[in-house]
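Here's the letter readout for the chains.
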Amino acid sequence: MDGRTQDVVERMGLFFERDGLSRIAGRLLGHLLLSETPRSLDELAEALQVSKSSVSINVRLLERMGTVERVTIPGDRRDYYRIAADLPRRVSGMWRERLATAHDLLEDALDTPAAETSAVRRRLVRGAALVEGLAEALEDAMDGPGGVGSGSRRDGSGTVA
Amino acid sequence: MTPAEEQFVERFGRHFEADGVPRIGGRLYGYLLLQTEPRSLDELADALHVSKASISTNARLLVQWGLVERATRPGDRRDFYAAADDLAGVLQLRLQRVRAMTDLLGTGADAVPADRPDAAHRLTEMARFHAAAAELLEDLLERWFGPDAG
């Protein structure tokens with residue numbers, strides 16, 4: 001890796017770290033984004049100067065998050081990793097799924113005794129409306145004419161302010 | 001906590017964990033969402049059965065995301081935490097992060113050597129996707145919270 005790509009890899013690590021995620025996972029994602037072909041665990045460990053076990057743990061985290069996928073090469077028993085195909089659509093799908101889960105959680109919380117207090121109830125209702133509106137707007141932007149972020153948007157439902 | 005509240009807190013923990021974020025962060029946020037008063041580190045550690053250090057680390061992360069805010073009580077020198085009700089603030093912080101990621105991906109697309117066309121294409125696509133997401137967030141902020149929020 002040259003200096004500029006190295007810099008992007010390190011910045012991706014710091015970006016992840018700031019969000020409470022593993023810095024190594026961020027560096028791995030950065031490295032794979034910049035790679036032209038799938039990479040083996042050994043190659044990743046060497047490129048990032050981390051242990052193979054650490055690469056293994058973090059690449060599996062990225063796999064679970066849906067940004068990275070494992071591939072095999074005929075005649076080669078090793079596992080290889082690459083950025084998931086169609087990543088923007090996949091990331092958008094993940095965001096929507098997370099928002100839908102958050103919405104369900106907040107709605108269900110309305111049935112707890114704590115939600116009998118008006119301040120708590122109001123907070124949960126506003127939060128649920130916000131994540132629902134975000135999910136709808138995201139879906140529109142992704143599925144509208146022209147696809148990803150083509151500018152096709154309809155009004156997000158619900159008032160959250 | 002009642003069993004229903006306990007269950008909500010645990011589910012919130014798993015919700016965060018699925019994103020690769022510490023489960024305790026999710027449990028902490030879930031718990032604070034159900035409180036009417038700010039809670040001290042001691043109270044939070046006690047309620048969630050985790051160390052004060054762990055509460056402190058995770059609370060800092062939640063404060064950084066704008067989900068939680070620090071609070072004080074008159075005559076009490078301890079730190080208190082409460083769920084933030086400023087949703088525009090949460091979205092604005094998210095917007096900043098999406099913009100930062102757009103820049104980083106753009107830098108990556110510029111930095112990738114010419115003999116890696118697939119990687120360059122992927123980085124450009126991802127940068128465009130994040131730029132579109134940022135635009136969407138700006139638009140929603142303005143529509144939901146007024147022209148100054150976007």
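In short, a report on the structure. (Residues numbered from 1 in each chain as written. Chains lettered and ligands numbered in written order. Predicted model: local features only at pLDDT ≥ 70, side-chain atom pairs only at ≥ 80, totals over all residues. Heavy atoms only, no water.)

A word on the packing of helix H5 (residues 87–109) of chain A against helix H1 (residues 3–17) of chain B
(1) Moving on: Interaxial distance between H5(A) and H1(B) falls to 11 Å at its minimum, and their mutual angle equals 170°. Relative to H1(B), H5(A) is oriented roughly antiparallel. Together, A:Arg98, A:Thr101, A:Ala102, A:Leu105, A:Leu106, A:Asp108 and A:Ala109 of H5(A) and B:Phe8, B:Arg11, B:Phe12 and B:His15 of H1(B) make up the contact between the two elements.
(2) Moving on: For the contact of H5(A) with H1(B), the per-class residue count stands at six nonpolar, two polar and three charged. (Axes fitted to C-alpha atoms, helices over the stretch in contact; angles between N-to-C directions. Helix = DSSP H or I, 4+ residues; strand = E, 2+ residues; numbered from the N terminus. Parallel < 35°, antiparallel > 145°, perpendicular 65-115°, else oblique. Contact = heavy atoms within 4.5 Å. Nonpolar A, V, L, I, M, F, W, Y, C, P; charged D, E, K, R; others polar.)

Overview of the interface of chain A and chain B
(1) Moving on: Taken together, the contacts link 56 residues of chain A with 57 residues of chain B.
(2) Moving on: Contact between chain A and chain B buries roughly 5100 Å² in total, counting both sides, with carbon and sulfur atoms accounting for 65%.
(3) Moving on: A per-residue breakdown of the area chain A buries against chain B is headed by A:Glu36, A:Leu105 and A:Arg123, which together make up 14% of the total.
(4) Moving on: Summed over the shared surface of chain A and chain B, the result is five salt bridges.
(5) Moving on: Residue B:Arg97 is joined to A:Asp19 by a salt bridge in which the shortest nitrogen-to-oxygen separation is 3.3 Å.
(6) Moving on: One can count 20 residue pairs in polar contact (both at pLDDT 80 or more) joining chain A with chain B.
(7) Moving on: At the level of secondary structure, the elements contributing two or more residues to the side of chain A that touches chain B comprise helix H1 (3–18), helix H2 (23–33), helix H4 (52–65), H5 and helix H6 (118–143) of chain A. (Buried area = accessible area lost by both parts, 1.4 Å probe. Salt bridge = Lys/Arg side-chain N within 4 Å of Asp/Glu carboxyl O. Polar contact = N/O pair within 3.5 Å; in protein donor to acceptor, adjacent residues only side chain to side chain.)

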